[in-house]
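# Structural overview
Here are the chains, one letter per residue:
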Amino acid sequence: MKAKQIQSVKGMHDILPEDQKYWRYVQKKAEQLLEYYGFERMSTPVLEQAELFIRSAGEGSDIVDKEIYTLKTKGGDTLALRPEATAPVVRAYLENGMNVRPHPVKLYLIEPMFRHDEPQAGRYRQFHQVNVETIGDASEAVDAELIFLGYKLLESLGLENFNVQINSIGDQNCRPAYLKALKDYFKNRSKKLCADCKVRMKENVLRILDCKEEGCKEAAKEAPQMVDFLDESCRLHFKHVLEFLDEAKVPYILNPYLVRGLDYYTRTIFEFVPDEPPAGGAASQSTLLAGGRYDRLIEQLGGAKTPAAGWAIGIERIILAMKEKDVHVPESGPKPKVFLVQLGEAPKRKALPLFESFRKAGIEAKSSLGRDSIKSQLRIAHRLDVRFALIFGQKEALEGTIILRDMDSSIQETIPLEKIVDEVKKRLKA
Ligand code: ATP
Ligand code: MG
């Protein structure tokens, strides 16, 4: 009887070899851009104390209420698989004394995240983000630089059909009055709200604006707007961010109802949303990038009052968008120049050291140990579009020679084995 196959965990996916070129490409573009702008890469563990996310994202957030994966250790700790990276970065910043480094501290991560989301196109339970954080600078220039970099990153990945939505959700001084106005507004419309939003009415009324249910969206249509409640310093901050963006020629849309799902955001928040809903999904469900300012988080996690801002992109969603747009992505790795054809036992045994000598000489070579016929091996050589095939048969292995075949002209010459690497090198240069 055949053993039952074991399946992957729901919502978690393998990344197959043919997709690696996309992953490398996104990672490379992100690294190049972010390093140029002075961001340094770091990593944090996949597991954190669950408390870190409960305290930062907040009870009542999707992440903490529905999506967090927690586990109890034998020692009795409650740990969580990281659902997002900002809180871990801040934890690491404080724990490693990065607060004494010159500010702002500019960091980025490229890491997997875990959320118990409902799996669908662009929504998984293990997914990956590029996360960018600028810690220790309250100025408008930081918000603008972050948005600018997100815009440039997507642009460099061949993505153009998205809009930058931006809003300010004020701070602890001016937001309470707005929340009260919102509550009064929704009180008269509570019948239209979904069960979750009825709870949000009590716990976090702002999140009703983030609800994806049609009824709630309908109910929110004429809700009061935060812009009308911003105090003078928040209003000026927001105005300056927009001026910076105008200057940098980043087009944006003011979305007065944009809010973020997490508690720690203050002032500027933004999302990059595709213009067209992708196949099998709504545009609002396929936000490519999201972020904002979080001036209170570091304090909330036990540090000194330190302003900060950041964003994250979902790499899977970016790759889906790239594929949908047919963005050309170069094959990863250098193109092979030489293909080693081996015929028979003795050549196979000697092939490995020969192959290695090409690697040492910095010449990209390929071979196919599993194939035996010259025809099938030359076919691969053709497909790889190499300049030369090296044909290594029983006779050559015995004589200490090898046949050098020019793939364009099909001209073949016999060369002493010890000279072959130099000979190929010489001809590649010519
Ligand atoms: P959504 O509203 O789509 O659930 P979110 O507000 O929960 O998104 P953030 O926490 O802001 O998302 O995460 C930033 C980015 O990470 C998102 O814009 C998206 O590109 C990506 N992302 C979030 N959740 C998932 C997921 N479950 N699967 C794949 N990508 C995700
Ligand atoms: Mg979500």
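Residues numbered from 1 in each chain as written. Chains lettered and ligands numbered in written order. Predicted model: local features only at pLDDT ≥ 70, side-chain atom pairs only at ≥ 80, totals over all residues. Heavy atoms only, no water.

### A few points about the domain arrangement of the protein
As far as domains go, the protein holds domain 1 (17-174 + 230-324) and domain 2 (338-425). Each of domain 1 and domain 2 has a C-alpha centre, and the two are 50 Å apart. (Domains from an automatic or database assignment.)

### Focus: the sheet that holds strand 16 (residues 412-416)
Spatially, five strands are ordered 13-12-14-15-16 in an open sheet, and the strand pairing comes out mixed. Of all the strands in the sheet, just strand 13 (365-367) and strand 16 have a single pairing partner and so form its edges. Across the sheet, the mean angle from the axis of one strand to that of its neighbour is 30°, orientation sign disregarded. Taken together, the four bridges between strand 14 (residues 388-392) and strand 15 (residues 401-406) define a ladder with antiparallel strand orientation. What sits directly across from Leu 390, in strand 15, is Leu 404. (Pairing = 2+ DSSP bridges. Helix = DSSP H or I, 4+ residues; strand = E, 2+ residues; numbered from the N terminus. Axes fitted to C-alpha atoms, helices over the stretch in contact; angles between N-to-C directions.)

### A closer look at the packing of helix 1 (residues 20-36) against helix 5 (residues 140-156)
How two helices sit against one another is set out by the angle between their axes and by the gap between those axes. Running from N to C, helix 1 and helix 5 cross one another at 140°; their axes reach a closest spacing of 10 Å. Considering the angle they form, helix 1 stands oblique to helix 5. Relative to helix 5, the crossing made by helix 1 is right-handed. Contacts between helix 1 and helix 5 involve Tyr 25, Lys 29, Ala 30, Leu 33 and Leu 34 from the first element and Leu 149, Lys 152, Leu 153 and Ser 156 from the second. Taken together, the residues of the contact of helix 1 with helix 5 sort by class into six nonpolar, one polar and two charged. (Parallel < 35°, antiparallel > 145°, perpendicular 65-115°, else oblique. Left-handed = near helix turned anticlockwise from the far one by under 90°. Contact = heavy atoms within 4.5 Å. Nonpolar A, V, L, I, M, F, W, Y, C, P; charged D, E, K, R; others polar.)

### Notes on a positive patch on the surface
A cluster of basic residues, Arg 371, Lys 375, Arg 379 and Arg 383, forms a positive patch at the surface. With respect to the helices and strands, Arg 379 occurs in helix 13 (residues 374-384). (Patch = residues over 30% accessible without salt bridge, like charges linked within 9 Å, V, L, I, M, F, W, Y side chains within 5 Å. Areas by Shrake-Rupley, 256 points an atom, 1.4 Å probe, with all protein chains shown as cover. Salt bridge = Lys/Arg side-chain N within 4 Å of Asp/Glu carboxyl O. Lys, Arg positive; Asp, Glu negative; His and termini not counted. Charge placed at Lys NZ, Arg CZ, Asp CG, Glu CD.)

### Remarks on the packing of helix 5 against helix 9 (residues 232-247)
At their nearest, the axes of helix 5 and helix 9 sit 8 Å apart, and the two run at 45° to each other. Classified by the interaxial angle, the pair formed by helix 5 and helix 9 is oblique. Crossing of helix 5 over helix 9 shows right-handed handedness. For the pair helix 5 and helix 9, contact is made by Glu 140, Ala 141, Asp 143, Ala 144 and Ile 147 and by Leu 236, His 237, His 240, Val 241, Phe 244 and Leu 245, respectively. Its residues assigned to classes, the contact of helix 5 with helix 9 comprises seven nonpolar, two polar and two charged.

### Looking at helix 12 (residues 345-360)
The end-to-end C-alpha distance of helix 12, which contains 16 residues, comes to 24 Å, matching closely the 22 Å that a straight helix rising 1.5 Å per residue would cover. Taking the largest bend as the criterion, helix 12 deviates by roughly 40°, centred on Ala 351, and proline Pro 353 comes between one and four positions later. Residues of helix 12 that are buried: Pro 347, Ala 351, Leu 354 and Phe 358. Two residues or fewer after helix 12 comes Gly 362, characterised by a positive phi angle close to 75°. (Expected span 1.5 Å × (residues − 1). Bend = angle between axes of the 7 residues up to and from the residue. Buried < 20%, exposed > 50% of the residue type's maximum accessible area, 1.4 Å probe, protein only.)

### A closer look at the nonpolar core
By size, the foremost hydrophobic cluster in this structure holds 100 residues, and its most contacted members are Phe 186, Trp 311 and Met 322. No other element matches the nine residues that helix 5 contributes to this core. Once residues lying within four places of it in the same chain are set aside, the contact partners of Trp 311 are Val 130, Asn 131, Val 132, Leu 146, Ile 147, Leu 149, Gly 150, Leu 153, Phe 270, Leu 289, Ala 290 and Gly 291. Counting 17 residues, the second-largest nonpolar core is a separate cluster that includes Phe 358, Ala 365, Leu 404 and Ile 415. (Core = buried A, V, L, I, M, F, W, Y, C linked by side-chain atoms within 4.5 Å.)

### Quick notes on unusual backbone geometry
Excluding glycine, residues mostly carry a negative phi; peptide bonds, for their part, are mostly trans. With an omega dihedral of 0°, the bond running from His 103 to Pro 104 counts as a cis peptide bond. Tracing the sequence through the fold places Pro 104 in the loop between helix 4 (86-95) and strand 5 (105-114). Of note in this structure, Lys 249 is not a glycine but carries a positive phi near 60°. Topologically, Lys 249 is positioned in the loop between helix 9 and strand 8 (253-254).

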